[in-house]
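# Examination of the molecular architecture
Given next are the chains, with one letter for each unit.
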Amino acid sequence: MERVISAQGILSLPSTLQARTFHPLRRRFPFAAARFPSPVISAKVTNHPVHDFISKDRGVAGESQRSLLSTGLYGKHRKAPTFTASAAAGGIGFVEGEAEKPKLLGVEITTLKKIIPLGIMFFCILFNYTILRDTKDVLVVTAKGSSAEIIPFLKTWVNLPMAIGFMLLYTKLSNVLSKEALFYTVIFPFIAFFGAFGFLLYPLRDAIHPTALADKLLAALGPSFLGPVAILRIWSFCLFYVMAELWGSVVISVLFWGFANQITTVEEAKEFYPLFGLGANIALIFSGRTVKYFSNLRKNLGPGVDGWAISLKGMMSIVVLLGFVISAIYWGVNKFVVNDPSLPRSNRKKKVKKPKLGMNESLKVLLSSRYVRDLATLVVAYGISINLVEVTWKSKLKAQFPSPNEYSSFMGDFSTMTGIATFTMMLLGRWILRKFGWGVAAMITPTVLLLTGVGFFSLILFGEPLAPLLGSFGVTPLLAAVYVGALQNIFSKSAKYSLFDPCKEMAYIPLDEEMKVKGKAAIDVVCNPLGKSGGALIQQFMILTFGSLANSTPYLGGILLVIVIAWLGAARSLDSQFSPLAKEQLEKEKLPKQKSSVAAAASKEETQDLLAEVTLSTNGSAHESEAADKVSNESPL
């Protein structure tokens, strides 16, 4: 940065000028000149006879900024400002420099113009997602002629194909439309569908659902095909289920994070992205209370009134309203923030293209490394375990709360407790990792699933013998199983977000670059889809084999036990490999710091010796200092 000092009337430039640098120790102690380079006084005079001197002086200076202190003394360069004297025509002096940007609570206003709208957008998107996620389960599980058995078939044969088709369509549209047009083209169909469902499709459900055809198919195929037939019976509810799932994957992952990464810098992302995660759990808490409120409206309505239809209209109205708020914020940020040239822009380097491995290549990478195999086991085991427990729990939840309003009210409480638990665990996760290490943190999630899973399946399988004991506490075996299953889902999800995901990403760090890239690609290609669909496929096989989800519960419990034990074994094996590698990498990172500290200590000793020499030679250098003052041509500068 250049500070320009207007000096007309106070600065007298001699006819013969000499380029000269100065330093307090240099002037009084010439022997210290080699160790103490000085800043350079340069003159920038417009239309002045000494313009040639200016060019020469700047050539001596080399750059607009020079090193103030030598690296040998302090271990690093420090920059000094270059003062430039200029003769202004009007004689008005000014200082030219970069003004300090205004701040609020220690954050620049320009940054807050981006972060605050993004935070509000993220809150609204997550608020809607919680309402939609709770409502979709109520619709497909409590509908007449359906049950929780529909969920595995729905995820595999409806949700997955529509997700693939949507992403193919999105890719095509991204090549044709602008970013803003693409955003509106994607989000407005969601808003329109959810509004139409609450006020049009649900009230007309009896007219548009092929109930008679579904009854004929079920009678012909048998009760084992209750789930597949229910997809046809309640097709509009299944469409709502898929659109709610796509809201989470498309609007959150693609639209929001794509927009956030577009307008934020790397420094802003590092500082504020973790706060978005905490804000997501706050949205979960408030939206859970909202679901609870609308679900309890049935209590204040008269007999014969469809309370769930009233509740659904209220919740879908909020979803539509917040959808328009999201769109309005996006429009405002693009108009007033993105196009503002004074704001810092994202200037990220183009990422190195990761190799896209096929299925065969991915399997070779997985089989070639024990480290990657253990990491893959963690990912697959979590996906299967959470699916096995969740569907079984929702079947018991319907048995306990058959009414849509009661079911939705319980899901509102469930979402609120999930938000509180996840918020707390995210605050504790960092402390757990530091206090107990990677191994303990990685085994907390499977341990929670194992303990709560044993309790949940025990209450289902041995409910009758435990009925007298549970009756003394005022609960039935079914209600106890519902509560234990809820605790299992709450703690497993909170542990997943706060511990499992960070541990999984940390496990990639010690790998070499080739295995880091190929191993992650292999896990993304094979393990993530296998974990998500593996549980659903197992349940479909059990239902078709044993006739119903209830009949297959003992076998599902045994499969869960085997998978969690394998998960714990893989976590222990991975810890035995990860900890030495992480320790070795940490020592490598500490080595340069130790070298720099040793160099700093040596430089400090040299400084003390030099200052001692300066003190001893003060009297002998007095005459040299006076001579140096005369050479300055009596210039005050």
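All residue numbers here refer to positions counted from 1 along the written sequence of the relevant chain. Given that the model is predicted, a residue must reach a pLDDT of at least 70 before its local features are reported, and side-chain atom pairs must reach 80 or more before they are shown or counted; all residues, however, enter totals for whole chains, interfaces and linings. Think of the side-chain values as coming from all heavy atoms in the structure, minus any hydrogens and water.

This next bit is on the overall build of the chain. When its secondary structure is counted, the chain shows 20 helices and 7 strands. A simple rule labels every residue: compare its accessible area, found with a 1.4 Å probe on the protein chains alone, to the largest value its type can have, and call it buried under 20%, exposed over 50%, or partly exposed in between. With 637 residues in all, the chain has 44% of them scored as buried. Contacts spanning at least 24 positions in sequence make up 81% of the contacts within the chain whose residues lie at least 6 apart. All accessible areas in this document rest on Shrake-Rupley with a 1.4 Å probe, and a residue is counted as covered only by the protein chains that are shown. Summed over all atoms, the accessible surface of the chain reaches about 33,400 Å², with 64% contributed by carbon and sulfur. Helix and strand labels come from DSSP, where a helix needs a run of H or I of at least four residues and a strand needs a run of E of at least two; each type is numbered from the N terminus. Contacts were defined at the residue level, with two residues in contact if any of their heavy atoms lie within 4.5 Å.

Quick look at the environment of Thr545 now. Structurally, Thr545 is set in helix 18 (residues 513-546). For Thr545, a relative accessible area of 45% puts it in the partly exposed group. The sequence separation of Thr545 and Ser224 amounts to 321 residues, and the corresponding C-alpha distance is 7.8 Å. Within the local environment of Thr545, its side chain forms a polar contact with the backbone oxygen of Phe541, the two atoms lying 2.6 Å apart. Within 3.5 Å is the distance limit for a polar contact, defined as a pair of N or O atoms, with the added protein rule that one can donate a hydrogen and the other accept it, and that residues adjacent in sequence qualify only through two side-chain atoms.

Only the contacting stretch of a helix is used when fitting its axis, a line to C-alpha atoms as for every element, and angles between N-to-C directions run 0 to 180 degrees. Where helix 10 (residues 235-263) meets helix 12 (residues 307-338), the closest approach of the two axes is 13 Å, and the angle between their N-to-C directions is 15°. On the basis of their axis angle, the class for helix 10 and helix 12 is roughly parallel. When you trace helix 10 past helix 12, the crossing you get is left-handed. Taking contact as the criterion, the partners of Phe240, Trp247, Phe259 and Ile263 in helix 10 are, on helix 12, Met316, Ile326, Tyr330, Val333, Asn334 and Val338. Here the residues of the contact of helix 10 with helix 12 are counted per class, giving 9 nonpolar, 1 polar and no charged. Here is the rule for angles: anything less than 35 degrees is roughly parallel, anything more than 145 is roughly antiparallel, 65 through 115 is roughly perpendicular, and the remaining ranges are oblique. Handedness of a crossing is defined here by the sense of rotation of the near helix relative to the far one, left-handed for an anticlockwise turn of less than a right angle and right-handed for a clockwise turn. Following the grouping adopted for this structure description, the nonpolar residues are Ala, Val, Leu, Ile, Met, Phe, Trp, Tyr, Cys and Pro, the charged ones are Asp, Glu, Lys and Arg, and the polar ones are all others, Gly among them.

A separate point is the nonpolar core. Across soluble globular proteins, nonpolar side chains have a tendency to be buried as a group. Definition used in this section: a nonpolar core is a set of buried Ala, Val, Leu, Ile, Met, Phe, Trp, Tyr and Cys residues joined via side-chain atoms within 4.5 Å. Phe190, Phe194, Phe197, Trp247, Met316 and Trp393 are the most contacted members of the largest nonpolar core, which totals 137 residues. Once residues lying within four places of it in the same chain are set aside, the contact partners of Phe194 are Leu132, Phe240, Met243, Ala244, Trp247, Met316, Val319 and Val320.

Within the secondary structure layout, Asn159 lies in helix 5 (residues 150-174). Residue classification places Asn159 among the buried residues on the basis of a relative accessible area of 13%. Ignoring sequence-local partners within four residues, the contact set of Asn159 consists of Leu154, Val242 and Glu245.

The next thing to look at is the environment of Ala571. Checked against the element boundaries, Ala571 lands in helix 19 (residues 553-616). Discounting chain neighbours no more than four positions away, the residues touching Ala571 are Leu378, Trp438 and Met443.

Here the distance between the centres and the angle between the planes together describe a pair of aromatic rings. Stacked, tilted and edge-to-face are the three classes assigned to paired rings of Phe, Tyr and Trp, where Trp is represented by its six-membered ring and a pair needs centres within 6.5 Å; plane angles under 30 degrees give stacked, over 60 edge-to-face, the rest tilted. Under the counting rule described, the total for this entry stands at 35 aromatic pairs. With 5.5 Å between their ring centres and 90° between their planes, Tyr184 and Tyr330 make a pair best called edge-to-face. Within this pair, whereas Tyr184 is found in helix 6 (residues 179-201), its partner Tyr330 is found in helix 12, the two being separated by 146 residues in sequence. Both residues of the pair, Tyr184 and Tyr330, belong to the buried class. Taken together, a centroid distance of 5.0 Å and an interplanar angle of 35° make the contact between Trp438 and Phe578 tilted. Of the two residues, Trp438 sits in helix 15 (residues 404-461) while Phe578 sits in helix 19, which places them 140 residues apart along the sequence. A relative accessible area of 7% means that Phe578 is categorised as buried. An aromatic cluster of three or more residues is present, and its members are Phe166, Phe190, Phe193, Phe194, Phe197, Tyr202, Phe237, Phe240 and Trp247. Looking at Arg205, its charged tip hangs above the ring of Tyr202, at a distance of 4.1 Å from the centre. Comment: the charge-over-ring label is applied if NZ (Lys) or CZ (Arg) is within 6 Å of the ring centre and within 35 degrees of the ring normal. Stacked on the ring of Phe336, the Lys or Arg Lys335 has its end atom at 5.8 Å from the ring centre.

It is worth spelling out the pattern of salt bridges at this point. Take a side-chain nitrogen of Lys or Arg and a carboxyl oxygen of Asp or Glu: if they are within 4 Å of each other, that pair is a salt bridge. The full count for this structure, using the stated rule, is 11 salt bridges. In this structure, the salt-bridge partner of Glu390 is Lys394, at a minimum N-O distance of 3.5 Å. Residue Glu390 and its partner Lys394 are both found in helix 14 (residues 370-400); the two are separated by 4 residues, about one turn of the helix. Taking relative accessible area as the criterion, Lys394 reaches 5% and is therefore assigned buried. Several salt bridges share partner residues, and in doing so they unite Lys136, Asp137, Glu245, Glu390, Lys394 and Lys493 into one network.

To continue, consider a nonpolar patch on the surface. Taken together, the side chains of Leu213, Leu217, Leu221, Phe225, Leu232 and Leu544 make up a nonpolar region of the molecular surface, amounting to roughly 470 Å² of accessible area. With 3 residues, the single largest contributor to the nonpolar patch is helix 8 (residues 211-221). By the secondary structure assignment, Leu544 is in helix 18. On the basis of relative accessible area, Leu544 is assigned to the partly exposed category, the value being 38%. Distance thresholds for patches are 9 Å for like charges and 5 Å for nonpolar side chains (Val, Leu, Ile, Met, Phe, Trp, Tyr), applied to residues having over 30% relative accessible area and no salt bridge.

This part covers the packing of helix 5 against helix 14. Where helix 5 meets helix 14, the axes come as close as 9 Å, and the angle between the chain directions of the two elements is 130°. In terms of their interaxial angle, helix 5 and helix 14 are classed as oblique. Contacts between helix 5 and helix 14 involve Ile151, Pro152 and Lys155 from the former and Asn387, Glu390, Val391 and Lys394 from the latter. When the residues that make up the contact of helix 5 with helix 14 are grouped by side-chain class, the tally is 3 nonpolar, 1 polar and 3 charged.

By the secondary structure assignment, Leu132 is in helix 4 (residues 109-142). What makes Leu132 buried here is its relative accessible area of 0%. Put simply, Leu132 and Trp247 are 115 residues apart on the chain and 8.5 Å apart in space, counted from C-alpha to C-alpha. Beyond its immediate chain neighbours, meaning those up to four positions away, Leu132 contacts Phe194, Phe240, Ala244, Trp247, Met316 and Val319.

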